[in-house]
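# Residue-level structure breakdown
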Amino acid sequence: ELKVEQNPLFLSMQEEKNYTIYCNYSTTSDRLYWYRQDPGKSLESLFVLLSNGAVKQEGRLMASLDTKARLSTLHITAAVHDLSATYFCAVDIVTTSGTYKYIFGTGTRLKVLA
Amino acid sequence: KAGVTQTPRYLIKTRGQQVTLSCSPISGHRSVSWYQQTPGQGLQFLFEYFSETQRNKGNFPGRFSGRQFSNSRSEMNVSTLELGDSALYLCASSPTSGSDTQYFGPGTRLTVL
């Protein structure tokens with residue numbers, strides 16, 4: 001069964017600290033995506049990682065992809081309260097009929113404490 | 001460009017009723033996907049439409065159906081509503097089918113009483 005798992009599921013961290021969210025997936029995928037969701041809001045695209053070894057950075061967030069390990073990481077540097085949100089990773093897979101399908105991870109709820 | 005829009009934003013229905021949700025994608029986007037989000041099950045894929053054809057379908061009962069029109073707008077219908085259908089229904093559009101960043105609408109919050 002295809003699984004996209006994130007850990008931790010919940011993360012409470014102090015401001016100015018660093019932490020990493022992990023996303024493991026169980027099948028080959030062409031791309032990996034990271035999204036952010038604020039409470040009561042929709043999802044916002046953060047990063048698209050296209051190949052093994054890809055690294056993308058935006059502000060205090062940096063995402064990387066290791067396709068051989070089927071692992072992506074979202075690293076948070078010097079967290080600030082504004083980063084409090086739920087973070088989802090997603091992979092797209094090729095179905096048996098040759099079409100693509102998006103599978104989302106379980107989500108990581110991040111709370112940055114002042 | 002205007003973003004993905006969904007109507008209505010909030011909806012309250014009773015068990016046994018049916019509901020239709022609407023999604024207008026970003027101009028030029030031809031793929032529309034629907035997701036159900038609940039606290040217990042997370043984000044679950046419902047189906048994807050591309051050029052008026054259903055390309056993929058998730059593991060939901062036949063009470064959940066959808067369609068896409070020639071202008072790429074999409075509707076999702078749920079018949080014989082159950083309490084467990086209470087959820088946030090998200091629509092996402094992308095330029096092509098699959099393997100592309102999806103742009104999400106604000107969602108429709110459905111409450112079934």
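Here goes a summary of the coordinates provided. Residue numbers restart at each chain and count upward from 1, following the sequence in its written direction. Lettering for chains starts from A, numbering for ligands starts from 1, and both go in the order in which the items are written. Local features in this predicted model are restricted to residues whose pLDDT is 70 or higher, and side-chain atom pairs enter the listing and the counts only when it is 80 or higher, whereas totals over whole chains, interfaces and linings include all residues. Hydrogens are left out, water is left out, and the side-chain values use all remaining heavy atoms of the structure.

### Side note on the packing of aromatic side chains
- Working definition: rings of Phe, Tyr and Trp (its six-membered ring) pair if their centres are within 6.5 Å, and the pair is stacked with planes under 30 degrees apart, edge-to-face with planes over 60 apart, and tilted otherwise. Per the counting criterion, the structure on display carries 13 aromatic pairs over all chains.
- Ring geometry for Phe60 of chain B versus Phe64 of chain B: centroids 5.2 Å apart, planes at 65 degrees, classification edge-to-face.
- Through a chain of ring-to-ring contacts, the aromatic side chains of Tyr33, Tyr35, Phe88, Tyr102 and Phe104 of chain A together with Tyr35, Phe45 and Phe104 of chain B assemble into a single cluster.

### Description of the interface of chain B and chain A
- The partner chain A presents 17 residues to the 20 residues of chain B that form the contact.
- Summed over both partners, the accessible area lost on bringing two parts together, with a 1.4 Å probe, is the buried area. When chain B packs against chain A, close to 1,500 Å² is buried across both sides, 53% of that on carbon and sulfur atoms.
- Here a salt bridge means any side-chain nitrogen of Lys or Arg lying within 4 Å of a carboxyl oxygen belonging to Asp or Glu. Counting every contact that joins chain B to chain A gives 0 salt bridges.
- Pairing of N or O atoms within 3.5 Å defines a polar contact, subject to two protein rules: one partner must be a possible hydrogen donor and the other a possible acceptor, and residues neighboring in sequence count only if both atoms are side-chain atoms. Here chain B and chain A share 4 residue pairs in polar contact (both at pLDDT 80 or more) between them.
- Runs of E in the DSSP output that reach at least two residues are strands. Runs of H or I that reach at least four are helices, and both are numbered from the N terminus. Within the residue set of the side of chain B that touches chain A, elements represented by two or more residues are β4 (31–38), β5 (42–50), β6 (53–57) and β9 (87–94) of chain B.
- Per-class residue counts for the side of chain B that touches chain A are 7 nonpolar, 9 polar and 4 charged. Residue contacts are counted whenever heavy atoms from the two residues lie within 4.5 Å of one another. All residues other than Ala, Val, Leu, Ile, Met, Phe, Trp, Tyr, Cys, Pro, Asp, Glu, Lys and Arg, Gly among them, are scored as polar; the first ten of these are nonpolar and the last four charged.

### Thoughts on unusual backbone geometry
- Omega for the peptide link from Asn7 of chain A to Pro8 of chain A comes to 0 degrees, which places this bond in the cis form.
- Position of Pro8 of chain A relative to the elements: it lies in the loop between β1 (4–7) and β2 (10–14).
- With a phi close to 70 degrees, Glu52 of chain B is a non-glycine residue in the positive phi region.
- Looking at the element boundaries, Glu52 of chain B is found in the loop between β5 and β6.
- One non-glycine residue, Thr80 of chain B, lies in positive phi territory at about 45 degrees.
- One can find Thr80 of chain B in the loop between β8 (74–78) and β9.

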